[in-house]
Amino acid sequence: MLVGALSFPAQAQTPEEFAQCVAQLGKTAIEAGVSEQTANQVVAGVEKIERVIELDRRQPEFTTTFEDYLNRRVNQDRIEKGRELLQTHRDLLDRVTRETGVPAPYLVAFWGLETNFGSYFGKMSVPDSLATLACDQRRSRFFTEQWVAALQIIDEGAIPVEQMEGSWAGAMGHVQFMPTVFLKHAVDADGDGRRDLWNSLPDAMMSAGHFLESMGWDGDYRWGREVLLPDNFDYELSDGRKLPLTKWRELGITDAFGKPLAQENIRASLIIPTGHRGPAFLVYQNFGVIMGWNRSEFYAIAVGHLADRVAGAGGLQVPPPSDLPALSRQQILDLQQALEDQGFDPGPVDGILGSGTRSAIREFQKANDLVADGYPGTEVLKAAGIET
(Lines give C-alpha, C1' and ligand atoms only; values in the text may rest on other atoms or scores of the structure.)
Protein backbone atom coordinates (compact mmCIF):
# COMPACT_ATOMS: atom_id res chain seq x y z
CA MET A 1 0.00 0.00 0.00
CA LEU A 2 1.10 3.62 -0.53
CA VAL A 3 1.91 5.18 2.80
CA GLY A 4 1.10 8.87 3.05
CA ALA A 5 2.98 11.57 4.89
CA LEU A 6 1.90 12.42 8.40
CA SER A 7 0.93 16.03 8.99
CA PHE A 8 2.52 17.55 12.05
CA PRO A 9 3.95 21.00 12.82
CA ALA A 10 7.20 21.98 11.11
CA GLN A 11 8.47 23.78 14.19
CA ALA A 12 10.05 22.02 17.17
CA GLN A 13 7.63 19.41 18.45
CA THR A 14 6.45 19.13 22.02
CA PRO A 15 6.70 15.68 23.60
CA GLU A 16 2.91 15.46 23.35
CA GLU A 17 2.96 16.15 19.60
CA PHE A 18 5.66 13.55 19.03
CA ALA A 19 3.72 10.99 21.07
CA GLN A 20 0.61 11.75 19.01
CA CYS A 21 2.59 11.27 15.80
CA VAL A 22 4.06 7.96 16.98
CA ALA A 23 0.60 6.71 17.93
CA GLN A 24 -0.55 7.52 14.39
CA LEU A 25 2.51 5.70 13.01
CA GLY A 26 1.42 2.64 14.95
CA LYS A 27 -2.04 2.80 13.42
CA THR A 28 -0.54 3.22 9.95
CA ALA A 29 1.61 0.13 10.48
CA ILE A 30 -1.39 -1.93 11.60
CA GLU A 31 -3.34 -0.77 8.54
CA ALA A 32 -0.41 -2.01 6.43
CA GLY A 33 -0.68 -5.48 7.95
CA VAL A 34 1.65 -5.31 10.96
CA SER A 35 0.29 -7.23 13.94
CA GLU A 36 -1.14 -5.15 16.76
CA GLN A 37 1.22 -6.88 19.19
CA THR A 38 4.32 -5.78 17.26
CA ALA A 39 3.03 -2.28 16.54
CA ASN A 40 2.05 -1.68 20.16
CA GLN A 41 5.36 -3.06 21.44
CA VAL A 42 7.41 -0.81 19.18
CA VAL A 43 5.28 2.28 19.74
CA ALA A 44 5.54 1.87 23.51
CA GLY A 45 9.33 1.99 23.39
CA VAL A 46 9.94 4.69 20.77
CA GLU A 47 12.00 7.70 21.76
CA LYS A 48 12.73 10.79 19.72
CA ILE A 49 16.41 11.25 18.81
CA GLU A 50 17.21 14.94 18.32
CA ARG A 51 20.63 14.01 16.94
CA VAL A 52 18.90 12.35 13.98
CA ILE A 53 17.24 15.64 13.02
CA GLU A 54 20.59 17.43 13.32
CA LEU A 55 22.24 14.89 11.00
CA ASP A 56 19.37 15.08 8.51
CA ARG A 57 19.62 18.87 8.39
CA ARG A 58 23.40 19.07 8.28
CA GLN A 59 24.88 20.28 5.02
CA PRO A 60 28.66 20.01 4.73
CA GLU A 61 30.32 23.40 4.39
CA PHE A 62 32.79 22.07 1.84
CA THR A 63 32.49 19.46 -0.87
CA THR A 64 34.79 16.44 -0.69
CA THR A 65 37.44 16.24 -3.37
CA PHE A 66 37.61 13.04 -5.42
CA GLU A 67 41.16 12.44 -4.22
CA ASP A 68 40.13 12.61 -0.56
CA TYR A 69 36.99 10.53 -1.13
CA LEU A 70 38.77 7.76 -3.02
CA ASN A 71 41.86 7.58 -0.81
CA ARG A 72 39.78 7.34 2.35
CA ARG A 73 37.70 4.47 0.99
CA VAL A 74 40.15 2.55 -1.16
CA ASN A 75 43.19 2.42 1.09
CA GLN A 76 45.80 -0.28 1.56
CA ASP A 77 44.31 -1.62 4.79
CA ARG A 78 40.91 -2.09 3.18
CA ILE A 79 42.40 -3.65 0.05
CA GLU A 80 44.41 -6.17 2.07
CA LYS A 81 41.46 -6.97 4.35
CA GLY A 82 39.22 -7.39 1.32
CA ARG A 83 41.66 -9.82 -0.30
CA GLU A 84 41.87 -11.81 2.94
CA LEU A 85 38.08 -12.01 3.28
CA LEU A 86 37.72 -12.92 -0.39
CA GLN A 87 39.68 -16.09 0.34
CA THR A 88 38.14 -16.75 3.76
CA HIS A 89 34.59 -16.67 2.36
CA ARG A 90 35.36 -17.97 -1.12
CA ASP A 91 32.81 -20.81 -1.04
CA LEU A 92 29.99 -18.50 0.07
CA LEU A 93 30.90 -15.76 -2.39
CA ASP A 94 31.20 -18.22 -5.28
CA ARG A 95 27.73 -19.50 -4.43
CA VAL A 96 26.34 -15.96 -4.56
CA THR A 97 28.05 -15.43 -7.92
CA ARG A 98 26.54 -18.64 -9.32
CA GLU A 99 23.05 -17.64 -8.22
CA THR A 100 23.11 -13.92 -9.03
CA GLY A 101 25.91 -13.33 -11.53
CA VAL A 102 27.65 -10.77 -9.30
CA PRO A 103 31.40 -11.52 -9.01
CA ALA A 104 32.85 -12.00 -5.52
CA PRO A 105 35.19 -8.94 -5.55
CA TYR A 106 32.20 -6.62 -6.03
CA LEU A 107 30.34 -8.19 -3.11
CA VAL A 108 33.43 -7.68 -0.95
CA ALA A 109 33.76 -4.08 -2.17
CA PHE A 110 30.18 -3.18 -1.23
CA TRP A 111 30.70 -4.85 2.14
CA GLY A 112 33.89 -2.88 2.69
CA LEU A 113 32.45 0.49 1.77
CA GLU A 114 29.16 0.05 3.63
CA THR A 115 30.32 -1.27 7.02
CA ASN A 116 34.09 -1.77 6.74
CA PHE A 117 33.47 -5.53 6.41
CA GLY A 118 30.89 -5.71 9.17
CA SER A 119 32.92 -3.83 11.78
CA TYR A 120 30.36 -1.05 12.20
CA PHE A 121 26.63 -1.29 11.50
CA GLY A 122 25.56 1.88 13.29
CA LYS A 123 24.41 2.15 16.89
CA MET A 124 21.07 3.91 16.64
CA SER A 125 17.71 2.25 17.20
CA VAL A 126 16.18 1.94 13.74
CA PRO A 127 12.57 2.31 14.97
CA ASP A 128 13.56 5.41 16.98
CA SER A 129 15.44 6.99 14.07
CA LEU A 130 12.68 6.29 11.56
CA ALA A 131 9.92 7.51 13.88
CA THR A 132 11.89 10.70 14.49
CA LEU A 133 12.23 11.30 10.75
CA ALA A 134 8.67 10.22 9.91
CA CYS A 135 7.33 12.75 12.40
CA ASP A 136 9.40 15.51 10.80
CA GLN A 137 7.81 17.25 7.83
CA ARG A 138 10.88 17.37 5.59
CA ARG A 139 10.71 13.76 4.34
CA SER A 140 7.76 12.36 6.25
CA ARG A 141 6.31 10.26 3.41
CA PHE A 142 9.59 8.44 2.71
CA PHE A 143 10.38 7.71 6.34
CA THR A 144 6.82 6.71 7.20
CA GLU A 145 7.16 4.05 4.51
CA GLN A 146 10.50 2.97 6.00
CA TRP A 147 8.99 2.86 9.50
CA VAL A 148 6.19 0.57 8.37
CA ALA A 149 8.70 -1.67 6.57
CA ALA A 150 10.88 -1.84 9.69
CA LEU A 151 7.92 -3.03 11.75
CA GLN A 152 7.09 -5.61 9.11
CA ILE A 153 10.66 -6.90 9.42
CA ILE A 154 10.28 -7.17 13.18
CA ASP A 155 6.87 -8.77 12.72
CA GLU A 156 8.25 -11.52 10.48
CA GLY A 157 10.77 -12.46 13.17
CA ALA A 158 13.93 -11.35 11.35
CA ILE A 159 15.24 -9.52 14.42
CA PRO A 160 13.90 -8.42 17.84
CA VAL A 161 13.07 -4.73 18.11
CA GLU A 162 15.72 -4.13 20.77
CA GLN A 163 18.42 -5.48 18.44
CA MET A 164 17.37 -3.53 15.35
CA GLU A 165 20.21 -1.02 15.18
CA GLY A 166 21.62 0.82 12.22
CA SER A 167 22.56 4.21 10.81
CA TRP A 168 20.85 7.46 11.78
CA ALA A 169 18.71 7.19 8.61
CA GLY A 170 17.69 3.57 9.21
CA ALA A 171 20.15 1.62 7.03
CA MET A 172 20.82 -1.81 8.52
CA GLY A 173 23.15 -4.77 8.66
CA HIS A 174 26.34 -5.81 6.86
CA VAL A 175 25.27 -4.15 3.61
CA GLN A 176 23.18 -1.29 5.05
CA PHE A 177 19.80 -2.01 3.48
CA MET A 178 16.96 0.41 4.09
CA PRO A 179 13.87 -1.42 5.41
CA THR A 180 11.96 -1.34 2.11
CA VAL A 181 14.98 -2.77 0.28
CA PHE A 182 15.24 -5.45 2.99
CA LEU A 183 11.62 -6.47 2.51
CA LYS A 184 11.97 -6.76 -1.24
CA HIS A 185 15.45 -8.23 -1.64
CA ALA A 186 16.70 -9.83 1.58
CA VAL A 187 16.88 -13.62 1.51
CA ASP A 188 17.44 -16.47 3.97
CA ALA A 189 20.59 -18.01 2.54
CA ASP A 190 21.68 -20.03 5.58
CA GLY A 191 18.35 -21.86 5.91
CA ASP A 192 17.60 -20.93 9.51
CA GLY A 193 14.16 -19.56 8.65
CA ARG A 194 15.09 -15.88 9.15
CA ARG A 195 16.39 -13.12 6.91
CA ASP A 196 19.11 -11.81 9.20
CA LEU A 197 21.41 -9.18 7.70
CA TRP A 198 23.07 -8.42 11.05
CA ASN A 199 24.28 -11.82 12.20
CA SER A 200 24.30 -13.98 9.07
CA LEU A 201 26.94 -13.24 6.46
CA PRO A 202 25.35 -15.73 4.02
CA ASP A 203 22.05 -13.85 4.26
CA ALA A 204 23.80 -10.50 3.82
CA MET A 205 25.96 -11.44 0.83
CA MET A 206 23.20 -13.31 -0.98
CA SER A 207 20.81 -10.42 -0.36
CA ALA A 208 23.35 -7.97 -1.82
CA GLY A 209 23.73 -10.19 -4.86
CA HIS A 210 19.97 -10.45 -5.39
CA PHE A 211 19.56 -6.68 -5.05
CA LEU A 212 22.24 -6.00 -7.66
CA GLU A 213 20.82 -8.68 -9.94
CA SER A 214 17.36 -7.10 -9.67
CA MET A 215 18.78 -3.79 -10.88
CA GLY A 216 20.23 -5.40 -13.99
CA TRP A 217 23.77 -6.52 -13.14
CA ASP A 218 25.44 -7.95 -16.24
CA GLY A 219 27.76 -10.76 -15.19
CA ASP A 220 29.51 -10.76 -18.56
CA TYR A 221 31.11 -7.35 -18.05
CA ARG A 222 32.95 -5.35 -15.43
CA TRP A 223 31.91 -1.97 -13.95
CA GLY A 224 34.16 0.03 -16.24
CA ARG A 225 37.87 0.75 -16.52
CA GLU A 226 40.43 3.49 -16.28
CA VAL A 227 41.42 4.79 -19.72
CA LEU A 228 43.87 7.22 -21.26
CA LEU A 229 42.67 10.04 -23.50
CA PRO A 230 44.56 11.31 -26.54
CA ASP A 231 45.97 14.83 -26.83
CA ASN A 232 43.45 17.45 -27.94
CA PHE A 233 40.55 15.21 -26.88
CA ASP A 234 37.06 16.72 -27.13
CA TYR A 235 36.01 16.77 -23.48
CA GLU A 236 32.44 17.60 -24.44
CA LEU A 237 32.14 13.86 -25.04
CA SER A 238 32.16 13.41 -21.24
CA ASP A 239 28.59 14.71 -21.05
CA GLY A 240 27.07 11.31 -20.24
CA ARG A 241 26.47 10.10 -23.79
CA LYS A 242 26.79 6.37 -24.38
CA LEU A 243 28.84 5.19 -27.33
CA PRO A 244 29.99 1.72 -28.40
CA LEU A 245 33.45 0.76 -27.19
CA THR A 246 34.52 0.56 -30.82
CA LYS A 247 33.64 4.26 -31.24
CA TRP A 248 35.67 5.28 -28.17
CA ARG A 249 38.55 3.29 -29.65
CA GLU A 250 38.23 5.18 -32.94
CA LEU A 251 38.42 8.43 -30.97
CA GLY A 252 41.86 7.46 -29.73
CA ILE A 253 41.04 6.29 -26.22
CA THR A 254 43.20 3.41 -24.96
CA ASP A 255 43.20 1.33 -21.80
CA ALA A 256 45.17 2.60 -18.81
CA PHE A 257 48.38 1.06 -20.18
CA GLY A 258 48.10 2.54 -23.67
CA LYS A 259 46.79 -0.60 -25.35
CA PRO A 260 43.85 -0.47 -27.81
CA LEU A 261 40.38 -1.02 -26.42
CA ALA A 262 38.55 -4.21 -27.38
CA GLN A 263 36.57 -4.26 -30.63
CA GLU A 264 33.20 -4.65 -28.90
CA ASN A 265 29.89 -2.89 -29.24
CA ILE A 266 29.20 -2.67 -25.52
CA ARG A 267 28.06 0.87 -24.79
CA ALA A 268 30.05 3.02 -22.41
CA SER A 269 30.10 6.56 -21.02
CA LEU A 270 33.16 8.64 -20.25
CA ILE A 271 33.55 10.02 -16.72
CA ILE A 272 36.27 12.47 -15.68
CA PRO A 273 35.59 13.18 -11.98
CA THR A 274 38.32 15.82 -11.60
CA GLY A 275 38.29 17.29 -15.08
CA HIS A 276 40.96 17.03 -17.74
CA ARG A 277 43.84 16.94 -15.24
CA GLY A 278 42.77 13.73 -13.53
CA PRO A 279 41.89 10.11 -14.28
CA ALA A 280 39.32 9.14 -16.89
CA PHE A 281 36.99 6.14 -16.85
CA LEU A 282 34.82 4.40 -19.40
CA VAL A 283 31.89 2.92 -17.51
CA TYR A 284 29.39 0.27 -18.55
CA GLN A 285 25.90 -0.80 -17.52
CA ASN A 286 27.07 -2.15 -14.17
CA PHE A 287 28.26 1.33 -13.17
CA GLY A 288 24.63 2.45 -13.40
CA VAL A 289 23.63 -0.55 -11.28
CA ILE A 290 26.10 0.51 -8.59
CA MET A 291 24.57 3.98 -8.67
CA GLY A 292 21.20 2.35 -8.09
CA TRP A 293 22.63 1.39 -4.71
CA ASN A 294 24.05 4.87 -4.01
CA ARG A 295 23.45 7.85 -6.31
CA SER A 296 27.03 9.09 -6.24
CA GLU A 297 29.56 8.81 -9.05
CA PHE A 298 32.36 8.97 -6.47
CA TYR A 299 30.81 6.02 -4.61
CA ALA A 300 30.35 3.99 -7.79
CA ILE A 301 33.95 4.57 -8.88
CA ALA A 302 35.15 3.63 -5.38
CA VAL A 303 33.18 0.36 -5.45
CA GLY A 304 34.50 -0.53 -8.89
CA HIS A 305 38.09 0.40 -8.10
CA LEU A 306 38.05 -1.41 -4.74
CA ALA A 307 36.64 -4.51 -6.45
CA ASP A 308 39.48 -4.35 -8.97
CA ARG A 309 42.09 -3.94 -6.23
CA VAL A 310 40.62 -6.81 -4.18
CA ALA A 311 40.82 -8.96 -7.33
CA GLY A 312 44.52 -8.17 -7.61
CA ALA A 313 44.75 -5.09 -9.84
CA GLY A 314 47.08 -2.20 -9.13
CA GLY A 315 46.34 1.44 -8.46
CA LEU A 316 45.25 4.10 -10.91
CA GLN A 317 47.73 4.97 -13.64
CA VAL A 318 46.63 8.60 -13.44
CA PRO A 319 45.96 9.43 -9.77
CA PRO A 320 43.58 12.27 -8.98
CA PRO A 321 45.29 15.66 -8.57
CA SER A 322 46.16 16.46 -4.97
CA ASP A 323 46.09 20.24 -5.38
CA LEU A 324 42.40 20.69 -6.21
CA PRO A 325 40.63 22.64 -3.45
CA ALA A 326 37.46 21.45 -1.78
CA LEU A 327 34.81 23.91 -2.95
CA SER A 328 32.55 25.44 -0.37
CA ARG A 329 28.82 25.12 -0.77
CA GLN A 330 28.67 28.91 -1.04
CA GLN A 331 31.12 28.88 -3.94
CA ILE A 332 28.96 26.37 -5.79
CA LEU A 333 25.85 28.45 -5.07
CA ASP A 334 27.63 31.58 -6.34
CA LEU A 335 28.82 29.73 -9.44
CA GLN A 336 25.34 28.41 -10.18
CA GLN A 337 23.89 31.90 -9.83
CA ALA A 338 26.60 33.37 -12.06
CA LEU A 339 25.96 30.72 -14.70
CA GLU A 340 22.22 31.38 -14.58
CA ASP A 341 22.76 35.15 -14.80
CA GLN A 342 24.88 34.66 -17.93
CA GLY A 343 22.32 32.41 -19.64
CA PHE A 344 23.78 29.01 -18.82
CA ASP A 345 21.05 27.01 -17.08
CA PRO A 346 22.50 25.02 -14.13
CA GLY A 347 19.13 23.76 -12.94
CA PRO A 348 18.25 24.46 -9.30
CA VAL A 349 20.58 26.89 -7.53
CA ASP A 350 21.07 24.50 -4.61
CA GLY A 351 24.80 24.27 -3.94
CA ILE A 352 24.94 20.73 -5.33
CA LEU A 353 27.34 19.96 -8.17
CA GLY A 354 25.00 17.78 -10.22
CA SER A 355 24.73 16.93 -13.90
CA GLY A 356 22.79 20.11 -14.72
CA THR A 357 25.47 22.32 -13.21
CA ARG A 358 28.24 20.39 -14.97
CA SER A 359 26.42 20.79 -18.28
CA ALA A 360 26.12 24.54 -17.71
CA ILE A 361 29.81 24.73 -16.79
CA ARG A 362 30.66 22.93 -20.03
CA GLU A 363 28.73 25.49 -22.07
CA PHE A 364 30.32 28.33 -20.09
CA GLN A 365 33.79 26.88 -20.73
CA LYS A 366 33.14 26.66 -24.47
CA ALA A 367 32.01 30.28 -24.53
CA ASN A 368 35.16 31.37 -22.69
CA ASP A 369 37.71 29.27 -24.63
CA LEU A 370 38.37 26.94 -21.70
CA VAL A 371 38.68 23.15 -21.77
CA ALA A 372 35.02 22.04 -21.76
CA ASP A 373 35.35 19.26 -19.18
CA GLY A 374 32.47 20.39 -16.96
CA TYR A 375 34.72 20.68 -13.91
CA PRO A 376 34.57 23.83 -11.73
CA GLY A 377 38.32 24.39 -11.52
CA THR A 378 40.07 27.59 -10.57
CA GLU A 379 39.95 28.91 -14.15
CA VAL A 380 36.17 28.52 -14.27
CA LEU A 381 35.67 30.18 -10.92
CA LYS A 382 37.86 33.15 -11.88
CA ALA A 383 36.16 33.53 -15.26
CA ALA A 384 32.76 33.51 -13.52
CA GLY A 385 33.93 36.08 -10.97
CA ILE A 386 33.81 33.70 -8.01
CA GLU A 387 36.25 34.37 -5.20
CA THR A 388 38.79 31.55 -4.75
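Residues numbered from 1 in each chain as written. Predicted model: local features only at pLDDT ≥ 70, side-chain atom pairs only at ≥ 80, totals over all residues. Heavy atoms only, no water.

**So, the overall build of the protein chain**
Along its length, the protein chain carries 17 helices and seven strands. Since a compact globule built from 388 residues should have a radius of gyration of about 21 Å, the 23 Å found for the protein chain is in line with a globular shape. Each principal axis of the C-alpha atoms in the protein chain carries an extent, and together these give about 70 × 55 × 35 Å. Taking all 388 residues of the protein chain together, 50% fall into the buried category. Counting only contacts in the protein chain whose residues sit at least 6 apart along the sequence, the fraction spanning at least 24 positions is 66%. Summed over its atoms, the accessible surface of the protein chain is roughly 18,000 Å², and 46% of this surface lies on carbon and sulfur atoms. (Helix = DSSP H or I, 4+ residues; strand = E, 2+ residues; numbered from the N terminus. Rg over C-alpha atoms; globule rule 2.2 N^0.38 Å. Buried < 20%, exposed > 50% of the residue type's maximum accessible area, 1.4 Å probe, protein only. Contact = heavy atoms within 4.5 Å. Areas by Shrake-Rupley, 256 points an atom, 1.4 Å probe, with all protein chains shown as cover.)

**A short note on the sheet that holds strand β4 (residues 243-244)**
Sheet architecture is open: five strands sit in the order β4-β6-β7-β3-β5, paired in antiparallel fashion. Each edge of the open sheet is held by one strand with a lone partner, namely β4 and β5 (254-255). Here strand β3 (residues 224-228) pairs with strand β7 (residues 280-283) via four bridges, running antiparallel. Bridging across to β7, Arg225 finds its partner in Leu282. (Pairing = 2+ DSSP bridges.)

**Re the pattern of salt bridges**
For the structure shown, the criterion picks out 18 salt bridges. Linking Asp56 and Arg138 is a salt bridge whose minimum nitrogen-to-oxygen distance equals 3.0 Å. Remark: Arg138 occurs in the loop between α8 (126-134) and α9 (140-155) and Asp56 occurs in helix α3 (residues 50-57); sequence separation between them is 82 residues. The class for Asp56 is buried, based on a relative accessible area of 8%. The class of Arg138 is partly exposed, set by a relative accessible area of 46%. Across the pair Asp136 and Arg57 runs a salt bridge whose closest N-O atoms are separated by 2.9 Å. Of this pair, Asp136 sits in the loop between α8 and α9 while Arg57 sits in helix α3, placing them 79 residues apart in sequence. Through salt bridges with shared partners, one network takes in Asp56, Arg57, Asp136, Arg138 and Arg139. (Salt bridge = Lys/Arg side-chain N within 4 Å of Asp/Glu carboxyl O.)

**So, the nonpolar core**
One finds Trp147, Met164, Phe182, Met205 and Trp293 to be the most contacted residues of the largest nonpolar core, which totals 88 residues. When residues in this core are grouped by element, the largest group, nine residues, is from helix α14 (residues 297-310). Excluding its chain neighbours within four sequence positions, the residues that come into contact with Met164 are Met124, Ser125, Val126, Pro127, Ala150, Ile153, Ile154, Ile159, Met172 and Trp198. Listed in part, the 16 residues of the second largest apolar core include Leu237, Leu243, Ala268 and Leu282. (Core = buried A, V, L, I, M, F, W, Y, C linked by side-chain atoms within 4.5 Å.)

**Points about empty space enclosed by the protein**
Under the definition given, this model contains one cavity of 30 Å³ or more. Considered as a void within the structure, the largest cavity measures approximately 40 Å³ in volume. When its residues are assigned to classes, the lining of the largest cavity shows six nonpolar, two polar and no charged. (1 Å grid on protein atoms, 1.4 Å probe; cavity = no way out; pocket = protein on both sides within 12 Å on 5 of 7 lines; lining within 4 Å. Points joined across faces, edges and corners; volume = space filled by probe spheres on them. Nonpolar A, V, L, I, M, F, W, Y, C, P; charged D, E, K, R; others polar.)

**Re the packing of aromatic side chains**
Counted under the stated rule, the structure contains 15 aromatic pairs. With a centroid separation of 6.4 Å and 50° between ring planes, the pair formed by Phe110 and Tyr299 is classed as tilted. Highlighted residues: Phe110 in helix α7 (residues 104-115) and Tyr299 in helix α14, separated in sequence by 189 residues. For Phe110, a relative accessible area of 0% corresponds to the buried category. Residue classification places Tyr299 among the buried positions, given a relative accessible area of 4%. Feature note: the residues Phe110, Phe177, Phe211, Trp293 and Tyr299 constitute an aromatic cluster, connected by ring pairs. (Phe/Tyr/Trp six-rings, centres within 6.5 Å; stacked < 30°, edge-to-face > 60°.)

**Some remarks on α3**
Among all positions of α3, only Val52, Ile53, Leu55 and Asp56 are buried. Buried residues of α3 fall within an arc of 165° about the axis and therefore sit on the same side. (Arc of directions from axis to C-beta.)

**Quick look at the state of the cysteines**
This structure, assessed with the given rule, holds one disulfide. A disulfide bridge connects Cys21 with Cys135, and the sulfur atoms are separated by 1.9 Å. Taking the torsion about the S-S bond as the criterion, the Cys21 to Cys135 disulfide, at about -100°, is left-handed. In this pair, Cys21 is assigned in helix α1 (residues 15-31) and Cys135 in the loop between α8 and α9, connecting sequence segments 114 residues apart. Of the two residues examined, Cys21 and Cys135, each falls in the buried class. (Disulfide = S-S within 2.5 Å.)

**With respect to the layout of surface pockets**
Its boundaries defined by the atoms lining it, the second largest pocket holds a volume of some 250 Å³. Mapped by element, the contributors of at least two residues to the lining of the second largest pocket are β3 and α14. When the residues that make up the lining of the second largest pocket are grouped by side-chain class, the tally is six nonpolar, four polar and five charged.

**A word on the packing of helix α5 (residues 76-88) against α14**
One can describe the packing of α5 onto α14 by two numbers: an axis separation of 9 Å at closest approach and a directional angle of 60°. Judged by the angle between their axes, α5 and α14 are oblique. As for how α5 packs across α14, the hand of that crossing is right-handed. Of the residues in α14, those touching α5 at Gln76, Arg78, Ile79, Gly82, Arg83 and Leu86 are Leu306, Arg309 and Val310. Considering only residue class, the contact of α5 with α14 consists of four nonpolar, two polar and three charged. (Axes fitted to C-alpha atoms, helices over the stretch in contact; angles between N-to-C directions. Parallel < 35°, antiparallel > 145°, perpendicular 65-115°, else oblique. Left-handed = near helix turned anticlockwise from the far one by under 90°.)

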